[in-house]
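# Fold and geometry: a report
Residue strings, one per chain:
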Amino acid sequence: VAPAEARGGEPGGGEEAAAEGEGPEGQEEAAARREAEVREEEEEEERRNKPPMAPALALRVVQKVEMLLLCSPPSVAHVLLDALAAAIPLLQPWPRALLPALHKLWAPLVSLFDSPELALAAAAMG
């Protein structure tokens, strides 16, 4: 009986089993390949989630607007809202970076809805 047949496999299957990495060296190689694939996938995911330099600057603007929006005079608040309106479309390809920054802006934007300056309230809504 051939070794492959003794294991319940087909004749000639031993070569395929060795190629698939049944031995200790093959298992190590397979584990190393899986590890490399996982690393590549993680790096690709990070590249997709992290915007390049120009959108990263737009993201920093969005993050800084939160504090400035409430403590600025209405004219500055209008400029900040315009900056937000320009920055958000730039960051749409990176939602994992954009959405947390936008989440922090909800409270300041909602508080602007009650602003005595109607133009500022309208700009905050639109």
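Scroll up to find the structure this text is about.
Okay, so let's go over this structure.

Definitions and cut-offs
Residues numbered from 1 in each chain as written. Predicted model: local features only at pLDDT ≥ 70, side-chain atom pairs only at ≥ 80, totals over all residues. Heavy atoms only, no water. Buried < 20%, exposed > 50% of the residue type's maximum accessible area, 1.4 Å probe, protein only. Helix = DSSP H or I, 4+ residues; strand = E, 2+ residues; numbered from the N terminus. Arc of directions from axis to C-beta. Contact = heavy atoms within 4.5 Å. Salt bridge = Lys/Arg side-chain N within 4 Å of Asp/Glu carboxyl O.

With that settled, consider helix H7 (residues 118-125). Those residues of H7 lying buried are Leu120, Ala121 and Ala124. What you see down the axis of H7 is that its buried residues fit within an arc of 100°, all on one side. When the buried face of H7 is taken as reference, the exposed residues oriented beyond 90 degrees from it are Leu118 and Met125. Against the buried residues of H7 lie helix H5 (74-91) and helix H6 (95-113).

Tallied over the entire structure, the rule returns one salt bridge. Linking Glu35 and Arg39 is a salt bridge whose minimum nitrogen-to-oxygen distance equals 3.5 Å. Within this pair, Glu35 and its partner Arg39 are both found in helix H3 (residues 24-49), separated by four residues, close to a single helical turn.

The analysis is restricted to geometry; functional conclusions fall outside its scope.
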